[in-house]
Amino acid sequence: MVPKAALSEYHRRRDFSRTAEPKGGGTSAAPGARPSFVVQIHDATAMHFDFRLEVDGVLKSWAVPKGPSADPHDKRLAMPTEDHPLEYRDFEGVIAPGEYGAGTVIVWDEGTYRNLSEDRSGREIPFAEALDRGHASFWLDGHKLHGGYALTRIRDGSGGEREAWLLVKRADGRAHEGDGGTDPRRARSARTGRTLGQVAGDAS
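Residues numbered from 1 in each chain as written. Predicted model: local features only at pLDDT ≥ 70, side-chain atom pairs only at ≥ 80, totals over all residues. Heavy atoms only, no water.

A few points about the side chain of Asp-71
In this fold, Asp-71 is placed in the loop between β3 (58–64) and β4 (75–85). Summary of buried charges: Asp-71 has no salt-bridge partner, and the nearest side chain of opposite charge, Arg-76, is 8.2 Å away. (Helix = DSSP H or I, 4+ residues; strand = E, 2+ residues; numbered from the N terminus. Buried < 20%, exposed > 50% of the residue type's maximum accessible area, 1.4 Å probe, protein only. Lys, Arg positive; Asp, Glu negative; His and termini not counted. Salt bridge = Lys/Arg side-chain N within 4 Å of Asp/Glu carboxyl O.)

Structural data, given as structure tokens:
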């Protein structure tokens, strides 16, 4: 069971009588199952990708303005947001006007990941601990994203600045130099094949 405090900020920002977003609390990871990840495209005030990793019963989340890249030379800014419930990995639809994050959401990619984080001796570091330390490496097995990636904290949020991370592809056999990124308005859902415009049209 996920402690209520883990999702307190998520709940504080939303009126669940007005938004179809999941309230959370009804899903737990299957024993022995690999943790999941999801990347959602969110056409809110500013278009961005939401990158989410299942950690300790919640989805740790970052807003990535330009989206993940398969090119190891691309350093994508990733701004942490509040933890989301595991049920959010299934969410695709329109958040009502006036609600926090109002706009259309599609599931651009989804799958599982495995921890690659190690200390200098080559011993595995638990993933939650690696994030706390500010550097976590992992391998994605999704429909669109594959191979090694790393999240590295570049600002810790002290001194009045917002905490910030970088999401970078590792140089491996699944890397592609010159990856131009994804045009979010033409991108299609990994679940339904719909674009943002089609999801918004269906909702109206």
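A short note on the pattern of salt bridges
Per the stated rule, a full pass over the model turns up 18 salt bridges. Between Arg-13 and Glu-9 there is a salt bridge whose closest N-O contact spans 2.8 Å. Residue Arg-13 is classed as partly exposed on the basis of its relative accessible area, which comes to 31%. The partner of Arg-191 in a salt bridge is Glu-110, with the nearest N and O atoms 2.9 Å apart. Residue Arg-191 is found in the loop between β9 (164–169) and α3 (196–203), and its partner Glu-110 is found in strand β6 (residues 103–115); the two are separated by 81 residues along the sequence. With a relative accessible area of 17%, Glu-110 lands in the buried category. One continuous salt-bridge network, built from bridges that share partners, spans Glu-9, Arg-12, Arg-13, Arg-14, Glu-21 and Glu-82.

Coordinates in, geometry out; function isn't part of it.
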